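# Structural characterization, general
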Amino acid sequence: MNKISEELSQKKFKVVQQEGHYILMRKRRYGNILIQAICLILALSIFWPLLIVNVIYFSYSFLWASPNVLITTEKVSEDGEPLEFSNMDEILDKANAIL
């Protein structure tokens, strides 16, 4: 568990919560910088409501689109069903997605 969390820490994931049998990590996502720059330039020069769209896009990316990773030693859920796990490549692909 600690080895995986250290590996993810190097990929800019931060520990949100940690207990004996799990570690919850999150990578903050800020949205596509190019889209935000274009919206900001257009909002400041032509159409100011685009600034509101830019703030909404940033808020969505930061609060809801930031990927979470749960690292656990448990192999079955509370219902007794076996848990499915993602490999490191799948986690990093989702974390580095542009939108």
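See above for the structure.
Residues numbered from 1 in each chain as written. Predicted model: local features only at pLDDT ≥ 70, side-chain atom pairs only at ≥ 80, totals over all residues. Heavy atoms only, no water.

### Notes on the overall build of the protein
For the protein, the helix and strand inventory stands at 4 helices and 3 strands. Counting from the amino terminus, the protein carries its helices and strands in the arrangement α-β-β-α-α-β-α. The buried share among the 99 residues of the protein stands at 24%. Nonlocal contacts in the protein, meaning residues at least 24 apart in sequence, comprise 56% of its contacts between residues at least 6 apart. Taking the average location of the 10 positive side-chain charges in the protein and that of its 11 negative ones, the two points are 13 Å from each other. (Helix = DSSP H or I, 4+ residues; strand = E, 2+ residues; numbered from the N terminus. Buried < 20%, exposed > 50% of the residue type's maximum accessible area, 1.4 Å probe, protein only. Contact = heavy atoms within 4.5 Å. Lys, Arg positive; Asp, Glu negative; His and termini not counted. Charge placed at Lys NZ, Arg CZ, Asp CG, Glu CD.)

### Re the side chain of Lys27
Examined against the element boundaries, Lys27 turns out to sit in the loop between strand E2 (22-26) and helix H2 (33-45). The contact partners of Lys27, leaving out residues within four places of it in the chain, are Lys11, Lys12, Phe13, Ser66, Pro67, Ala95 and Asn96.

### So, helix H3 (residues 49-63)
Think of an α-helix as 3.6 residues a turn; residues three or four steps apart then line up on the same face. If you check H3, its first and last C-alpha atoms are 21 Å apart, about what 15 residues at 1.5 Å a residue would give, namely 21 Å. Taken residue by residue, H3 has Asn54, Tyr57 and Ser61 as its buried positions. Down the axis of H3, the sector holding all buried residues measures 65 degrees, keeping them to one side. (Expected span 1.5 Å × (residues − 1). Arc of directions from axis to C-beta.)

### Considerations on the pairing of strand E1 (residues 14-19)
Sparse coverage of E1 is indicated by the burial of 0 of its 6 residues. Sheet topology places E1 next to E2; 5 bridges connect them, and they run antiparallel. Each bridged residue has a counterpart across the sheet, and for Gln17 the counterpart in E2 is Leu24. Taking the residues that link successive antiparallel strands as the turn, the E1-E2 hairpin has 2 residues. (Pairing = 2+ DSSP bridges.)

### Quick word on the packing of H2 against H3
Any two packed helices are characterised by how steeply their axes cross, that is the angle between the axes, and by the distance between the axes. Interhelical geometry of H2 versus H3 gives an angle of 155 degrees and a closest axis separation of 8 Å. Between H2 and H3, the interaxial angle falls into the category roughly antiparallel. Of the two possible hands of crossing, H2 and H3 adopt the one that is left-handed. Between H2 and H3, the residues in contact are Ile35, Gln36, Cys39, Leu40, Leu42 and Ala43 and Leu50, Leu51, Asn54, Tyr57 and Phe58, respectively. (Axes fitted to C-alpha atoms, helices over the stretch in contact; angles between N-to-C directions. Parallel < 35°, antiparallel > 145°, perpendicular 65-115°, else oblique. Left-handed = near helix turned anticlockwise from the far one by under 90°.)

### Describing the packing of aromatic side chains
According to the stated counting rule, one finds 1 aromatic pair in the structure shown. Pairing Phe58 with Phe62 gives two aromatic rings, centres 5.8 Å apart and planes at 10 degrees, and the pair type is stacked. Of this pair, Phe58 and Phe62 both sit in helix H3, 4 residues apart, which is roughly one turn of the helix. Look at Phe58 and you get partly exposed, because its relative accessible area is 33%. Judged by relative accessible area, Phe62 falls into the partly exposed class, the value being 23%. (Phe/Tyr/Trp six-rings, centres within 6.5 Å; stacked < 30°, edge-to-face > 60°.)

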